[in-house]
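These are the residues of each chain, in order.
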Amino acid sequence: MSEALLSYRSPGRVNLIGDHTDYTGGLVLPMAIDRYTTISGTRTPSKIRLHSQNEPEIVEFNLPISAPEKVTPSWGRYVAGVAAEMQNRAQGFEGEISCTIPIGAGLSSSAALEVATALALGDTSTPVERARLCQRAEVRGVGVPCGIMDQLTVASGIRDHALLIDCHEMTISPVQLPNDVKVIVQFIAERKLTSSGYAERVAQCNAAEEIVGPLRVTNLSSLANITDKTIFRRARHVVSENQRVRDFAAMLRAGDLKSAGKLMIESHNSLDHDFETSTPQMNAAVAAALSQPGVFGARMTGGGFGGCIVILADATANLDGWQVRAVNAASQID
Ligand code: GLA
């Protein structure tokens, strides 16, 4: 009898508002999107062997694995990181990966690969535990000190809803997206978090917290104690962004898309001026989108330094880019 074919699929994500807040336990408002990484194959006794349609080289290693950061080709480090974090719970798997999430675009192709891998290797934990496992896998496998937003979003997505996530409490409140609203993603430029200023931003937020305590519970006036101008601006972004996420969720719930759009523009400006994660091309794309009829708001989304912008628009808007829909979490498929 031939082995049963197993398939696991994880969505990507786009963040509507709340960037560079997750790693200080702040608030984010992303949604899982209808772009996917799918892993299909069969169980093996104790070996991982995966071919990706996007990559020339196969990833192959035996379980258990203890040094995922040394696996080659390098895309296999995401897979190996997950296997290492699952320890002796990881089951062998042999198969094929296909992906409709553009890679390096800031739409969480990495988190999707990690979460789909965890499922393929037999993870049966809760979405929050799975997200934590995959976050640790990314830190261990590829050395990016990422927050929890991406993994938690793809592990917990809810159709037609954005997710208001408190990254300290690890609580998720679904926020229904109005039917007549369009979420459009425009790709600007490829980027890698491993070689961007991401880790430096994380360190700067840590430096701010040493002076004023946790940014998630700090108010703007307390930031006056930070004398270093760069650290002050980084902290001001985080504190103001957490408030914008709260306000945006309330506006979305009230159907006030005009005010929600204004908050997206403020968020973009804060990421550009205070956090310095935008780029001239992203700024130009945001300005161009805002000049179009039917657009409520636009901003850079995700880690920045390239990647994508996200646009909130009404049903009449006619814009370049991909219209994305909010979809359910990663799961096994038939
Ligand atoms: C990347 C990280 C996330 C988050 C965003 C910025 O996507 O993986 O954890 O920090 O950048 O909001």
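Residues numbered from 1 in each chain as written. Predicted model: local features only at pLDDT ≥ 70, side-chain atom pairs only at ≥ 80, totals over all residues. Heavy atoms only, no water.

Draft legend 1. The overall build of the protein chain, seen in detail. Counting its secondary structure elements, the protein chain contains 8 helices and 12 strands. Here the C-alpha radius of gyration of the protein chain, 20 Å, is about what a compact globule of 334 residues would show, namely 20 Å. In terms of its C-alpha atoms, the protein chain occupies a principal-axis envelope of roughly 65 × 50 × 35 Å. Put simply, the protein chain has 334 residues, and 56% of those count as buried. Split by element, the accessible area of the protein chain, about 14000 Å² in all, is 47% carbon and sulfur. Treating the 30 positive side-chain charges of the protein chain as one cloud and the 35 negative ones as another, the clouds have centres 1 Å apart. (Helix = DSSP H or I, 4+ residues; strand = E, 2+ residues; numbered from the N terminus. Rg over C-alpha atoms; globule rule 2.2 N^0.38 Å. Buried < 20%, exposed > 50% of the residue type's maximum accessible area, 1.4 Å probe, protein only. Areas by Shrake-Rupley, 256 points an atom, 1.4 Å probe, with all protein chains shown as cover. Lys, Arg positive; Asp, Glu negative; His and termini not counted. Charge placed at Lys NZ, Arg CZ, Asp CG, Glu CD.)

Draft legend 2. Structural detail: the packing of aromatic side chains. Evaluated as defined, the whole model comprises 2 aromatic pairs. For the pair Tyr 8 and Phe 93, a centre-to-centre distance of 6.2 Å together with 65 degrees between the ring planes defines the contact as edge-to-face. Taken together, the residues span a long stretch of sequence, with Tyr 8 in strand S1 (residues 6-17) and Phe 93 in strand S5 (residues 92-99) at a distance of 85 residues. For Tyr 8, a relative accessible area of 6% gives the class buried. An angle of 75 degrees between the planes, with centres 5.5 Å apart, marks the rings of Tyr 23 and Tyr 198 as edge-to-face. Remark: Tyr 198 occurs in helix H5 (residues 198-212) and Tyr 23 occurs in the loop between S1 and strand S2 (27-44); sequence separation between them is 175 residues. Of the two residues examined, Tyr 23 and Tyr 198, each falls in the buried class. Above the plane of the ring of Tyr 36 lies Arg 9, whose end atom (NZ or CZ) is 3.8 Å from the centre. (Phe/Tyr/Trp six-rings, centres within 6.5 Å; stacked < 30°, edge-to-face > 60°. Lys NZ or Arg CZ within 6 Å of the ring centre and 35° of its normal.)

Draft legend 3. The domain arrangement of the protein chain, seen in detail. Each assigned domain of the protein chain is listed here: domain 1 (6-174) and domain 2 (177-324). Each of domain 1 and domain 2 has a C-alpha centre, and the two are 23 Å apart. If you look at the interface, domain 1 gives 39 residues, while domain 2 gives 44 residues. The junction of domain 1 with domain 2 conceals about 3200 Å² of combined surface from both sides, 68% of it contributed by carbon and sulfur atoms. It is Leu 16, Ile 17 and His 20 in domain 1 that bury the most area against domain 2; as a group they hold 21% of the surface buried on that side. (Domains from an automatic or database assignment. Contact = heavy atoms within 4.5 Å. Buried area = accessible area lost by both parts, 1.4 Å probe.)

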